[in-house]
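Examining the three-dimensional arrangement
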Amino acid sequence: MQANQLRKLAVGEDHPTVITFDMALYDKVVQLLDARPDLKQMVVPRLGKLHVVMAALRALGASMENSGIDDSWMEADVYGPATTRQILKCTHYKRALHAHIYSYVALYEMALEEFFKDNPQLKYVCLKATEGVEAACPEGKDLKAESVKQVNSTLLEATAEVITAFQEWEEQKSQHAMFKAMMSYLNLVETVLFFVAATRNADLELHLQAGEALSKLFFAMDRIKYKRLWPRYIADMHDLRINHPQTWEELRAGNISVTKSVIPFVSVGADHACEHLNKLMKIRSGIIGISNNANARQRFVMVTPELSRLSKEFKSQFDMQADRTTEHHELGPSAVKRAHGTIDKIKAAILSHGNPFTTEGDKLYNVITCLHPR
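By the naming in an unreviewed UniProt entry, the chain is Histidine--tRNA ligase, taken from Dissostichus eleginoides.

The following block contains the structure:
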């Protein structure tokens, strides 16, 4: 009701209120809307993207647990046993996402090495195209956008043949169980990364396309609430195009995510932004006991922006904003070096027991122990 009142003051009566929930609240809201058809034109519920990705990472962790990929993290001395359990259960979002990205790159490098052994002529095609990109992107900030676009187009054209050949090679090799299992894991990670990219770029079309692909993961790993309600959410979002075209256009324009910086690829979901807001106000025991207390909730909503404003004004006196980064935090030299080092360690740990993409037969093995069929 409060959100509806704000909506009426801001945009008028003809627009619905878009509210983001986690799954527990979304389930209740859907039941309420089904019981009150008059509310369907007033409220558009959305699922929080942070919670969706965490559910997907939990399902992904369950799908690859004891496959040996998780063992490779410990053998490579990248993560300890306790951290590995956190990653598999996704109790730490960023750490879990990075772990799967590192494993994804390491495994794909192994697959490509085997692919180029079978197709050595295509390796030269890729190397020649990447040399052009390297020449157009010298060290330093002296980059010409047109030159980079041109060599990027050349790279895409050159790799089109390679991609087609790789797909045919993958289809041929998929008769072997280990190869198929590894490629299945890579495809699942790709699906999650596409969904994350849609949020980071505030891309509604990619959000829905990746969301449809993500539903297969929820069904396969039996995430009960998500496999029941996630398809409904995707369908309701598509219905906005017809039922509420102006709201659809607003979301399509980039308001599907919260963007607080001009740096590309840093937008976050509304629920993630709320977590950032809550962190500003957290004390030792956290913000608790305000959900059912109207006065406490109202004080929190009113005081947070004011405290944030005071904090910014105080920092501005000391020019603390002058050293703010102008590029994505994961593009810094130290971050890139750390990521490559971690990938190399995971890759070396797996290869020390053999390349899983070369294992033939119809049995699945742990990629580290290689002893017991799964």
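There is more to say after this.
1. Here's the deal with the packing of aromatic side chains
Under the definition given, this model contains 14 aromatic pairs. Feature note: the residues Tyr-104, Tyr-108, Phe-115, Phe-116, Phe-166, Trp-169, Phe-179 and Phe-357 constitute an aromatic cluster, connected by ring pairs.

2. Re the packing of helix α6 (residues 93-118) against helix α9 (residues 177-200)
Between α6 and α9, the shortest axis-to-axis distance is 10 Å and the interhelical angle comes to 130°. Looking at the two axes, α6 sits oblique to α9. Once α6 is placed against α9, the crossing between them reads as left-handed. Note on element contacts: α9 touches α6 through Met-182, Met-183, Tyr-185, Leu-186, Val-189, Glu-190, Val-192, Leu-193, Val-196 and Arg-200, opposite Tyr-93, Leu-97, His-100, Ile-101, Ser-103, Tyr-104, Leu-107 and Tyr-108. Looking at the contact of α6 with α9 residue by residue, the class counts come to 14 nonpolar, two polar and two charged.

3. With respect to the packing of helix α2 (residues 23-35) against helix α11 (residues 224-243)
For the pair α2 and α11, the least separation of the axes is 11 Å and the interaxial angle reads 60°. Classed by the angle they form, the pair α2 and α11 counts as oblique. Helix-helix and strand crossings are classified by hand; for α2 and α11 the assignment is left-handed. Across from Met-23, Tyr-26, Asp-27, Val-30 and Asp-34 in α2, the residues of α11 making contact are Lys-225, Tyr-226, Arg-228, Leu-229, Arg-232, Tyr-233 and Asp-236. Residues of the contact of α2 with α11, tallied by class, amount to six nonpolar, no polar and six charged.

4. Some details on helix α5 (residues 81-89)
When α5 is considered as a whole, its buried residues turn out to be Thr-83, Thr-84, Ile-87 and Leu-88. Seen along its axis, α5 keeps its buried residues to an arc of 140°; they face one direction. Residues of α5 that are exposed and point over 90 degrees away from its buried face: Arg-85 and Lys-89. The inward-facing, buried residues of α5 contact α3 (49-64), α4 (69-75) and α6. Positive backbone phi, approximately 55°, marks Cys-90, located one or two places after α5.

5. Here's the deal with the pairing of strand β2 (residues 43-47)
Within β2, five of the five residues are buried, leaving the element largely enclosed by the surrounding structure. Side chains of β2 alternate between two faces, with Val-43, Pro-45 and Leu-47 and Val-44 and Arg-46 buried alike. Bridge count for strand β1 (residues 17-21) against β2 is five bridges, and the pairing is parallel. Of the residues in β2, the one forming a bridge with Thr-20 is Arg-46.

6. Brief notes about the side chain of Glu-114
Relative to the assigned elements, Glu-114 resides in helix α6. Glu-114 has contacts with Trp-169, Asn-355 and Thr-358, leaving out every residue within four places of it along the chain.

7. Examining helix α7 (residues 120-136)
In this model α7 runs 26 Å from its N-terminal to its C-terminal C-alpha over 17 residues, within 8% of the 24 Å that 1.5 Å per residue would give. Within α7 the residues assigned to the buried category are Leu-122, Cys-126, Ala-129 and Ala-136. All buried residues of α7 lie within an arc of 80° about the axis, which places them on one face of the element. Away from its buried face, by an angle of more than 90 degrees, α7 presents the exposed residues Pro-120, Tyr-124, Lys-128, Glu-131, Glu-134 and Ala-135.

8. Concerning the pattern of salt bridges
For side chains of opposite charge, pairing can occur when their charged atoms come near one another. Here the structure, examined in full by the defined rule, presents 12 salt bridges. Here Arg-36 and Asp-38 are joined by a salt bridge, their closest N and O atoms 3.1 Å apart. A relative accessible area of 38% places Arg-36 in the partly exposed class. With relative accessibility at 44%, the residue Asp-38 sits in the partly exposed group. Between Glu-114 and Lys-117 there is a salt bridge whose closest N-O contact spans 3.4 Å. Taken together, the residues span about one helical turn, with Glu-114 and Lys-117 both in helix α6 at a distance of three residues.

9. Observations regarding the nonpolar core
Buried together is how nonpolar side chains tend to be arranged in soluble globular proteins. Ranked by internal contacts, the top residues of the largest apolar core, which has 79 residues, are Leu-57, Trp-73, Leu-107, Val-192, Leu-214, Trp-230 and Phe-357. Element by element, the count of residues in this core is highest for α6, at 13 residues. Among residues more than four places away in sequence, those in contact with Leu-107 are Ile-69, Met-182, Tyr-185, Leu-186, Ile-350, Pro-356 and Phe-357.

10. Some points on the environment of Arg-241
One can find Arg-241 in helix α11. Classification of Arg-241 as partly exposed rests on a relative accessible area of 39%.

Here is what the cut-offs are and how they apply
- Residues numbered from 1 in each chain as written.
- Predicted model: local features only at pLDDT ≥ 70, side-chain atom pairs only at ≥ 80, totals over all residues.
- Heavy atoms only, no water.
- Phe/Tyr/Trp six-rings, centres within 6.5 Å; stacked < 30°, edge-to-face > 60°.
- Axes fitted to C-alpha atoms, helices over the stretch in contact; angles between N-to-C directions.
- Helix = DSSP H or I, 4+ residues; strand = E, 2+ residues; numbered from the N terminus.
- Parallel < 35°, antiparallel > 145°, perpendicular 65-115°, else oblique.
- Left-handed = near helix turned anticlockwise from the far one by under 90°.
- Contact = heavy atoms within 4.5 Å.
- Nonpolar A, V, L, I, M, F, W, Y, C, P; charged D, E, K, R; others polar.
- Buried < 20%, exposed > 50% of the residue type's maximum accessible area, 1.4 Å probe, protein only.
- Arc of directions from axis to C-beta.
- Pairing = 2+ DSSP bridges.
- Expected span 1.5 Å × (residues − 1).
- Salt bridge = Lys/Arg side-chain N within 4 Å of Asp/Glu carboxyl O.
- Core = buried A, V, L, I, M, F, W, Y, C linked by side-chain atoms within 4.5 Å.

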